[in-house]
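# Structure assessment
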Amino acid sequence: MAAKASGGVQSVERVFELLELITEAGGNVTLSELSASTELPLPTIHRLLRTLVSLGYIRQLPSRRYALGPRLIRLGEGATKQLGAMAMPQLDTLVKHLGETANMAVLDTDMVIYIAQVPSPHSMRMFTEVGRRAHTHDTGVGKALLAQLDNDAVRTIVTRTGMPTPTSKSHGTVESLLADLDVIRERGYAIDEEEQEIGVRCFAMAVPNAPTPTAISVSGPVQRVDEHFAERAVPMLRQAAQVISAELNRN
């Protein structure tokens, strides 16, 4: 019985290794690409993929590439809802003390997806719909997440997604983005300086040691979200990120 249990655990580990490799590759790969990325024997990879395809967690495309399957969507949606719900008390605290909208977002392949929000009580406020996907290079949360990666990984992401410029202040080149990320890594937080929307500024910070890349932010009109606001917001963001990290890593 012990041997069977051990083999079963090993199979589970191998399945998740393959799912993570496919995710890191942008969502679809060839069998040979998977084989080059893992030490698993090719027959084992093929056997596990066949099982995952039959269950709907992986799809085999007409090109014979393997892609993440639709059954993962329900699992992912359930997990992100729980993650967002867990962070709500900290987002509430940020809004209570700072008076501006607080958001939480995660990295979903090459984009950020907003999973929780507490709106500002002001009539003029920042509003981002929960579930909205956005680019990484022109959002505060996106840049906070990119700053956790090495430059080669950043180049790969923005090459796949492109770098649209919603405003004249958005990053339009990889070089300008990488220079900004160097600053973000040094100071520990990101600023969206009207890069997503003119008149809106956002301060964002990554949640350390999160199981999936996660960031939180506060945002609002530039008239209110200024240097004085930053002096209060940055320490509170750091404290909230630490609390959320502790909750995520609690055994």
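First things first, this report covers the structure right here in the doc. (Residues numbered from 1 in each chain as written. Predicted model: local features only at pLDDT ≥ 70, side-chain atom pairs only at ≥ 80, totals over all residues. Heavy atoms only, no water.)

## Quick notes on the pattern of salt bridges
In total, this model carries 10 salt bridges according to the counting rule given. Where R133 meets D108, a salt bridge forms, and the shortest distance between an N and an O atom there is 2.4 Å. Of this pair, R133 sits in strand β6 (residues 133-134) while D108 sits in strand β4 (residues 101-108), and the two are 25 residues apart along the sequence. Note that R201 is salt-bridged to E193, the shortest N-O span being 2.8 Å. Classification of R201 by relative accessible area gives buried; the value is 15%. (Salt bridge = Lys/Arg side-chain N within 4 Å of Asp/Glu carboxyl O. Helix = DSSP H or I, 4+ residues; strand = E, 2+ residues; numbered from the N terminus. Buried < 20%, exposed > 50% of the residue type's maximum accessible area, 1.4 Å probe, protein only.)

## Regarding the pairing of β4
Among the 8 residues of β4, 7 are classified as buried, and the element is accordingly described as predominantly covered. Here 6 bridges tie β4 to strand β9 (residues 214-221), and the two strands are oriented antiparallel to one another. If you follow N103 over to β9, its bridge partner there is S217. Sheet topology places β4 next to strand β5 (residues 111-118); 7 bridges connect them, and they run antiparallel. (Pairing = 2+ DSSP bridges.)

## So, the environment of Q90
Within the fold, Q90 resides in helix α4 (residues 71-98). Sequence separation between Q90 and Q239 is 149 residues, and the spatial gap between their C-alpha atoms is 9.1 Å. Those residues in contact with Q90 that sit more than four places away from it in its chain are A240, V243 and I244. (Contact = heavy atoms within 4.5 Å.)

## Quick notes on the packing of helix α6 (residues 151-161) against helix α7 (residues 174-187)
Their axes nearest at 11 Å, the elements α6 and α7 cross at an angle of 135 degrees. With respect to their mutual orientation, α6 and α7 come out oblique. When the axes of α6 and α7 are compared, the crossing they make is right-handed. Contacts between α6 and α7 pair N151, V154, R155 and V158 from the former with V174, L177, L178, L181 and R185 from the latter. Grouping the constituent residues of the contact of α6 with α7 by class yields 6 nonpolar, 1 polar and 2 charged. (Axes fitted to C-alpha atoms, helices over the stretch in contact; angles between N-to-C directions. Parallel < 35°, antiparallel > 145°, perpendicular 65-115°, else oblique. Left-handed = near helix turned anticlockwise from the far one by under 90°. Nonpolar A, V, L, I, M, F, W, Y, C, P; charged D, E, K, R; others polar.)

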